[in-house]
Amino acid sequence: MNVSIDKSSGFCWGVVRAIEIAEQELSGADDLYSLGDIIHNPMEIHRLGEKGLKTISVGELEKVTGKRVLIRAHGEPPSTYRKAEELGITIIDATCPVVTKVQERIRKFFLDGYQVVIFGKKEHAEVIGLLGQTNGEAIVVKSVEDVEKVNLDRKTVLFSQTTMDKPTFYKIKDELQKRIKDLVVGSFEDEAIEFHAKDTICGQVSGRDARMREFAKANDIVIFVAGRNSSNGKVLFEIAKEANPRSYFVEEGAELRAEWFQDVENVGITGATSTPQWLMEQIKTAIEERFVPALTAG
Ligand code: SF4
């Protein structure tokens, strides 16, 4: 049985950068607090936790007055920066530069009087940061059906959370474009024809779709390693499963099941943009130690 790790899996550069910033800051003597989990991966959080990184929520900022707080790759709304300043907190900003760019563009369109529509998940940290650029006024849609929520009488711009899937983004874009055009036929509102769509899905994520499909097809089974709360992990796992139904999602080695490896020649290990390389290596070793000898002996 061959066990191989997908060469194009692992951390995206935005996450690598955030972890490097955290590790640099952790080499100092002072405490470092991450606002929310630095990464959607419990094993990596544990590793950094042992180096002294503690996780807190926005509601707990008062408890760390005067200390250093790290903003993770997802970014934060302007209200968080204001609150930190009031409390004398030093911000270590590890927001991914791609996310910062989306925040800036959303703010610009909002200030220019546009209705901002964001394709994303309302509760996702990145979307909370994006919504904050519009004082919470942007409309968040996560499916074509949600287009009903959009006011068609206003000039509108559509953006995306960086980790969403491209096909749905383009379906939403087409739906909005169609309706806004329909509306123009019935009314004389020139403004309503003004519709922009900005595909702000990160290349680190979307570029992986095709590679993931290829990798999943090339293996008999796929072990997909990611934290269960990783949004990018969910999207990529669905792609793997579509290409190869024998794809299994695990967070750690303890979840591996012997029956998955029956009559299997090629096992592919892959993961989300938040999956550390060391964890995939660990899973590879676990598979080789626990399942390969038993199968070859049988
Ligand atoms: S997926 Fe893209 S936008 Fe998100 S943290 Fe990584 S590089 Fe940045």
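Structure first, text after, so check above.
Just so you know, these numbers come straight off a predicted model, no measurement behind them.

Let's talk about the site of the ligand
Then comes step 1: As a structural note, the neighbourhood of the ligand is formed by Cys12, Gly14, Cys96, Val98, Val99, Thr162, Cys202, Gln204 and Val205.
Then comes step 2: Taken atom by atom, the bulk of the ligand overlaps the largest cavity.
Then comes step 3: Within the residue set of the shell around the ligand, elements represented by two or more residues are helix H4 (97-111) and helix H7 (203-218).
Then comes step 4: Of the residues contributing to the shell around the ligand, the split by class is six nonpolar, three polar and no charged.

With respect to the sheet that holds strand E9 (residues 195-197)
Note on sheets: strands pair through backbone hydrogen bonds, and any given pair is parallel or antiparallel.
Then comes step 1: Across the sheet, four strands lie side by side as E7-E6-E8-E9; this open sheet has parallel pairing. Every interior strand has two partners, whereas the edge strands, strand E7 (139-141) and E9, have only one. Within the sheet, the average angular offset between the axes of one strand and its neighbour, ignoring direction, is 20°.
Then comes step 2: Here three bridges tie strand E8 (residues 156-160) to E9, and the two strands are oriented parallel to one another. Bridged to Leu158 within E9 is Ala197.
Then comes step 3: Of the strands in this sheet, strand E6 (115-119), E8 and E9 touch H4, which is tilted by about 170° from E8.

What to know about the pattern of salt bridges
Then comes step 1: A complete count under the given rule lists 18 salt bridges for this structure.
Then comes step 2: Linking Arg68 and Glu25 is a salt bridge whose minimum nitrogen-to-oxygen distance equals 2.6 Å. Within this pair, whereas Arg68 is found in strand E4 (residues 68-71), its partner Glu25 is found in helix H1 (residues 13-26), the two being separated by 43 residues in sequence.
Then comes step 3: A residue is classified by how much of its surface remains accessible, and Arg68, at 14% relative accessible area, is buried.
Then comes step 4: One salt bridge in this structure joins Glu175 and Arg179, with 3.1 Å as the shortest N-O distance. Here Arg179 and Glu175 lie together in helix H6 (residues 166-186), a separation of four residues that amounts to about one turn.

Parameters and conventions
Residues numbered from 1 in each chain as written. Predicted model: local features only at pLDDT ≥ 70, side-chain atom pairs only at ≥ 80, totals over all residues. Heavy atoms only, no water. Near = heavy atom within 4 Å. 1 Å grid on protein atoms, 1.4 Å probe; cavity = no way out; pocket = protein on both sides within 12 Å on 5 of 7 lines; lining within 4 Å. Sits in = over half its atoms within 2 Å of the grid points. Helix = DSSP H or I, 4+ residues; strand = E, 2+ residues; numbered from the N terminus. Nonpolar A, V, L, I, M, F, W, Y, C, P; charged D, E, K, R; others polar. Pairing = 2+ DSSP bridges. Axes fitted to C-alpha atoms, helices over the stretch in contact; angles between N-to-C directions. Contact = heavy atoms within 4.5 Å. Salt bridge = Lys/Arg side-chain N within 4 Å of Asp/Glu carboxyl O. Buried < 20%, exposed > 50% of the residue type's maximum accessible area, 1.4 Å probe, protein only.

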